[in-house]
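# Structural overview for review
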Amino acid sequence: MDPQPTNPRWQHRPAGSTWGDFGPHDQLGRLNLLTPEKVRQGVAEVQERLAFALSLPLDYPGGNALNPNRQPPVLRPLLRKGLVNFNCLLGALEPGRTDVLSDDLAILHLQYSTQWDGLAHAGSMFDANGDGLPEALYYNGYAAGRDIVGPEDVRDAGVPAAPGAATSTSAAHALGIEGMARTGVQGRGVMIDLRAHLGDARTVVGYDTLMRVLEADGVAVEPGDIVCLHTGFADVVLGMRRHPDPAVLADRCAVLDGRDDRLLQWITDSQLAAIAADNYAVEAFPAKAGPACCAALPLHEHCLFKLGVHLGELWHLTPLAAWLRARHRSRFLLTAPPLNLPGAIASPVTPVATV
C-alpha cells in the first residue's frame, strides 16, 4: 500500500490511487486539475469561434438493446387545476384569458444517452482500515450505506407506476454529480481520433495501439486535459434511427482495453482530468478474461474508484473530429457541466466544443 497519512475514512489506500492527494475530504478527483490556467489554454484554442454540440438526442440510442436496465425518456404533461396542462386553454379556467399553456415532466434514466459517470457510479471492495474485511467503497474511501445510500427493497427501486407518487429513495451524500456541476467542467479538450486509424471494426485498443495513434497524429496529452476518444460508435447508433441492433453494435468500433496495465498506467501518468468517448462504456465490456477476483469493468475501477477520473459515454464526436482532422488540429475549448442534481450518481450532458 502507498504510505499515506491516516484519513478519517481510511488508513491505507489502494495501490496506485490518488486518495488523499487533493485533500482528505476531496470529492472531485482529477477535476481539481481544471485550473484557471487550463481554462486559458482551452480558450487559446478558439480560432474560428465555431461551436459543436456533442450530445446525442436524449432518446438515443432507442429501446434498451444496449442496456436492458436503462430506458428512453418518458414525457408526460402536468396537471393544472384538474385539466391536462398541455395545450391547456387558460380561458377554460379563467374566463377571458387567451393563454395556451404547456408544462411537462420527464422520467429520465440519467445514463441512457450522452452522459457523465460520477465518482459514485463505480466503487470496489477494498479493505481500507486493515481489519482484513473488504467493504464496499468509492473514491477517497467514501462508503456504501453511509455516504452513498439506497434502498434494499426492490419495490423502492425503478420507475414507480404512478409518476406523481414518486419519492426519492437513494442519494449520493458524497461524490454526487452536483460537485462536478459546480466546477463548470471547462478546459482544454484533446481529440484522439481512433476511427480515422482503425475504422468501424471492433478493435480492443491497448497501450501500444493508442501510442501509435498519438504519434501518427502528433497528439499530446498534458496534465489537466480532457481526453475525447472518437470511435464512430455514436455515429453508427445515430444511423440506426432509434432501433439499435445489438448484434451489429457488439462488432463495431474501438474500445479501450481495461485489462492492459500499461494503458491504465498511462492514464495515471498523463494526469488527464477526465475521459469522454462516443462509445457505450469507454472500455470493452465485457472485458477480456482476468482473475476471478478482478473487476468486470477494470478501467471504470481504475478511473472512478482509484484516480477520481470522471468518464463520459455516448458523446457525439464525429462532426468535431472530422472538422479537426481536416485542419490538422486536435485541441479545442470544451465546456461540459452535468445537471446540478444533488445526490445523483450520473447525469446527461450537452457538451459544447468551441474551435
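Nothing here was measured: the structure is a model prediction, and the numbers come from that model.

## Here's the deal with unusual backbone geometry
- Here tyrosine 60 and proline 61 are connected by a cis peptide whose omega angle stands at 15°.
- Structurally, proline 61 is set in the loop between β1 (51–53) and β2 (74–80).
- A cis amide bond links phenylalanine 285 with the next residue in sequence, proline 286, at an omega value of 5°.
- With respect to the helices and strands, the residue proline 286 is situated in the loop between β16 (274–277) and α8 (298–307).
- In the Ramachandran plot, valine 185 falls in the positive-phi region, its phi being about 45° despite a non-glycine side chain.
- Position of valine 185 among the secondary structure elements: in the loop between α2 (177–183) and β12 (186–193).
- The class for valine 185 is buried, based on a relative accessible area of 1%.
- Its identity as a non-glycine residue notwithstanding, leucine 314 has a phi of 60°, on the positive side.
- Mapped onto the fold, leucine 314 is located in the loop between β17 (310–313) and α9 (318–326).

## A look at the packing of aromatic side chains
- Counted according to the given criterion, the structure contains five aromatic pairs.
- For the ring pair tryptophan 10 and tryptophan 19, a centre distance of 5.9 Å and an interplane angle of 55° mean the geometry is tilted. Comparing tryptophan 10 with tryptophan 19, the two get one shared label, buried.
- Between the aromatic rings of tryptophan 116 and tryptophan 315, the centroid separation amounts to 5.0 Å while the plane-to-plane angle is 80°, which identifies the pairing as edge-to-face. Taken together, the positions of tryptophan 116 in strand β7 (residues 115–117) and tryptophan 315 in the loop between β17 and α9 put the pair 199 residues apart, joining distant regions of the chain.
- On the accessibility criterion, tryptophan 116 (0% relative accessible area) is buried.
- One Lys or Arg, arginine 9, reaches over the ring of tyrosine 142 and ends 3.9 Å from the middle of that ring.

## Details of the pairing of β16
- Side chains Ala274 and Ala276 project from β16 onto one buried face, and the interleaved Ile275 and Ala277 project onto a second face that is buried too.
- Here strand β14 (residues 226–230) pairs with β16 via four bridges, running parallel. Of the residues in β16, the one forming a bridge with leucine 229 is alanine 277.
- The β-α-β motif built from β16, the intervening α8 and the parallel element β17 has right-handed crossover chirality.

## Quick notes on the sheet that holds β14
- Ordered by their spatial adjacency, nine strands build an open sheet running β1-β20-β18-β12-β14-β16-β17-β7-β19, and the pairing between neighbours is mixed. Both outer strands of the open sheet, β1 and β19 (346–348), are each paired with one neighbouring strand and no more. If you compare each strand with its neighbour and ignore which way they point, the axes differ by 25° on average.
- Judged from the three bridges that link them, β7 and β17 form a sheet pairing that is antiparallel.

## Comments concerning the nonpolar core
- Among the nonpolar cores identified, the biggest contains 44 residues, and Leu175, Ile192, Leu229, Ile267 and Ile275 are the most heavily contacted of them.
- Mapped by element, the contributors of at least two residues to this core are β12, α4 (207–217), β14, β15 (254–256), α7 (261–270), β16 and α8.
- Top element by residues in this core is α8. It accounts for five residues.
- Excluding residues that lie within four positions of it along the chain, isoleucine 192 makes contacts with Leu210, Val213, Leu214, Val219, Val221, Val227, Cys228, Leu229 and His230.
- Counting 27 residues, the second largest nonpolar core, distinct from the first, contains Leu31, Trp315, Ala321 and Val355.

## Topic: α4
- What α4 keeps buried is the set Thr209, Leu210, Val213 and Leu214. The buried residues of α4 occupy an angular sector of 135° when projected down its axis, which confines them to one face. Projecting away from the buried face of α4 at angles above 90 degrees are the exposed residues Arg212, Glu215 and Ala216.
- Just downstream of α4, glycine 218 is the residue with a positive phi angle, here 65°.

## Overview of the pattern of salt bridges
- A complete count under the given rule lists 17 salt bridges for this structure.
- The partner of aspartate 21 in a salt bridge is arginine 13, and the shortest N-O contact between them spans 2.8 Å.
- Of the residues examined, aspartate 21 reaches a relative accessible area of 46% and is grouped as partly exposed.
- Judged by its relative accessible area of 6%, arginine 13 is buried.
- Across the pair arginine 331 and glutamate 222 runs a salt bridge, and its minimum N-O distance is 3.4 Å. Residue arginine 331 is located in strand β18 (residues 331–335), and its partner glutamate 222 is located in the loop between α4 and β14; the two are separated by 109 residues in the primary sequence.

## Remarks on the packing of α4 against α7
- Interaxial distance between α4 and α7 falls to 8 Å at its minimum, and their mutual angle equals 50°. As the angle between them shows, α4 and α7 are arranged oblique. Judged by residue contacts, Tyr207, Asp208, Leu210, Met211 and Leu214 of α4 engage Arg262, Leu263 and Trp266 from α7.

The rules behind these values
- Residues numbered from 1 in each chain as written.
- Predicted model: local features only at pLDDT ≥ 70, side-chain atom pairs only at ≥ 80, totals over all residues.
- Heavy atoms only, no water.
- Helix = DSSP H or I, 4+ residues; strand = E, 2+ residues; numbered from the N terminus.
- Buried < 20%, exposed > 50% of the residue type's maximum accessible area, 1.4 Å probe, protein only.
- Phe/Tyr/Trp six-rings, centres within 6.5 Å; stacked < 30°, edge-to-face > 60°.
- Lys NZ or Arg CZ within 6 Å of the ring centre and 35° of its normal.
- Pairing = 2+ DSSP bridges.
- Right-handed = clockwise from strand over helix to strand, strands pointing away.
- Axes fitted to C-alpha atoms, helices over the stretch in contact; angles between N-to-C directions.
- Core = buried A, V, L, I, M, F, W, Y, C linked by side-chain atoms within 4.5 Å.
- Contact = heavy atoms within 4.5 Å.
- Arc of directions from axis to C-beta.
- Salt bridge = Lys/Arg side-chain N within 4 Å of Asp/Glu carboxyl O.
- Parallel < 35°, antiparallel > 145°, perpendicular 65-115°, else oblique.

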